[in-house]
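Structural overview
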Amino acid sequence: MRPILLSGHERALTQVKYNKDGDIIFSVSKDHIVCAWYSANGERLGTYHGHQGALWTVDVDPTSTLLATGGADNTMRLWEVETGKLLKTWDFGSSIKRVEFSPDGRQLLGVTEKRVGHVSSIVVYDIDAEKGTEQSDEHALRIVIDYSKATVAGFSYHAKYIIVGHEDGKISQWDGKTGEWLNEIEPHEADITDIQWAPDRTYFISASKDKTAKLIGTTDLEIMKSYATDTPLNSAAITPIKDYVILGGGQAAMDVTTTSARQGKFEARFWHKIFEEEIGRVRGHFGPLNYVAVDPTGKGYCSGGEDGYVRVHHFDKTYFDFAYEVERELGTNGTTQARI
Amino acid sequence: QDASRRDAGNRAVIEERRQKLESWLEWREEQVRRIIEEFGSIDGFMGKDEEKEAEDDAEVVE
């Protein structure tokens, strides 16, 4: 599993995302630039210029036609993937911390930051992917988060729910159509830093500064699994095909007396999703892993680091061949996602 | 005696894994059943063909 190192950014990576086919990786960084890369060989396909501040978030629609970004310049932007043309800019009173397309690509969600005079909120816009169509200025839905601020959010299966992660470790569930509050749990003791979905969005994984990640059912917000580590987590992803999760994080430089990679624990950690056992670690970054993303086709994963690099890993045959004894006995071979 | 304790420990670990896997499969089937009942379909499933294709395509990039 030899990595490819993508070194096109000049500052810390904040998010990396594969498109649905897994052949393109989009990366955003504090250097204001969005990059697109071929995942197979690491060649840079292009850049998207226009943001005036650090970028916090990126997402690509299911047809790889539209790209959404959000950042510290208080804008959420929509781009044409192929040409790099800026299609739309939505202005807000505070940073955009997370963007995400709905599973069908017809809606775009944004998480706005809490700041003096501005509440944290979730905004949803209807998106028309037809070429040349003007996108609406008016949001289809706005959820005001007037208690603990939202840090991350996303759409569930069929966009039935919007799931929100909060600064105080809570996760809330809202009606995806009406914005009505439905349910809330408190699975973590500190900031929720990431939420990523299983391929069918029936469950998701949350990562937190409390050093744990949790696997949670979308419908009932039932905590299914827990992964406890020894370092604050910035990101967690669920691998398709094989039953693993990948966790990324590390102690920030200002929180440790020395900044050696060993002390900082800058590793991607592989856990068995169902057995809750750690199975391996991948080293390489020289700073905390700010985001881990998996290729939706299951062929690999990548991580974006505080060190300014994206590391792309392609799984080798042994990754696919390995299965625990009970997995072979029960016929799952470590692939329950594909089985049902 | 040590070996027998180790064997018993291993059996307990395997049994715990079996129970976790079985209850996971049960939970997944119930979730999928409920969603298909409500929406008629569920996105994001990787069929056997795609799974095989991903395995065949897997290679180490130097």
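Conventions we followed
Residues numbered from 1 in each chain as written. Chains lettered and ligands numbered in written order. Predicted model: local features only at pLDDT ≥ 70, side-chain atom pairs only at ≥ 80, totals over all residues. Heavy atoms only, no water. Helix = DSSP H or I, 4+ residues; strand = E, 2+ residues; numbered from the N terminus. Buried < 20%, exposed > 50% of the residue type's maximum accessible area, 1.4 Å probe, protein only. Areas by Shrake-Rupley, 256 points an atom, 1.4 Å probe, with all protein chains shown as cover. UniProt positions renumbered as here; feature names shortened; annotations may be inferred. Salt bridge = Lys/Arg side-chain N within 4 Å of Asp/Glu carboxyl O. 1 Å grid on protein atoms, 1.4 Å probe; cavity = no way out; pocket = protein on both sides within 12 Å on 5 of 7 lines; lining within 4 Å. Points joined across faces, edges and corners; volume = space filled by probe spheres on them. Nonpolar A, V, L, I, M, F, W, Y, C, P; charged D, E, K, R; others polar.

1. Quick notes on the overall build of chain B
- In terms of regular secondary structure, chain B is built from two helices and zero strands.
- Counting across all 62 residues of chain B, residues that qualify as buried make up 27%.
- Taken as a whole, chain B presents about 4,400 Å² of accessible surface, with 44% of it coming from carbon and sulfur.

2. Some details on the UniProt feature "repeat: WD" (unreviewed entry) in chain A
Residues and elements named next belong to chain A.
- The sites that UniProt annotates as "repeat: WD" (unreviewed entry) are residues 6-47, 48-89 and 185-226.
- Summarising residues 6-47: 0% helix, 52% strand, and an end-to-end C-alpha distance of 13 Å.
- End C-alpha atoms of residues 185-226 are separated by 14 Å, and the span's content is 0% helix alongside 55% strand.

3. Section: the pattern of salt bridges
- Applying the stated rule across the entire model yields 26 salt bridges over all chains.
- Salt-bridge contacts for A:Lys88 lead to A:Asp137; the nearest nitrogen and oxygen are separated by 2.3 Å. Note that A:Lys88 is positioned in strand 9 (residues 86-91) and A:Asp137 in the loop between strand 12 (120-126) and strand 13 (141-145), a separation of 49 residues in sequence.
- Under the relative-accessibility criterion, A:Lys88 is labelled buried at 8%.
- The partner of B:Arg17 in a salt bridge is A:Glu277, with the nearest N and O atoms 2.9 Å apart. Of this pair, B:Arg17 sits in helix 1 (residues 2-39) while A:Glu277 sits in the loop between strand 24 (268-272) and strand 25 (278-282), placing the two residues on different chains.

4. Description of empty space enclosed by the protein
Residues and elements named next belong to chain A.
- Taken as a whole and assessed by the stated rule, the structure comprises one cavity of 30 Å³ or more.
- Size it by volume and the largest cavity reaches roughly 40 Å³.
- Lining the largest cavity are Phe266, Glu267, Ala268, Val282, Arg283, Gly284, His285, Leu289, Tyr301, Ser303, Arg311 and His313.
- Of all elements in the fold, only strand 27 (300-305) and strand 28 (310-314) reach the threshold of two or more residues within the lining of the largest cavity.
- For the lining of the largest cavity, a count of residues per class yields five nonpolar, four polar and three charged.

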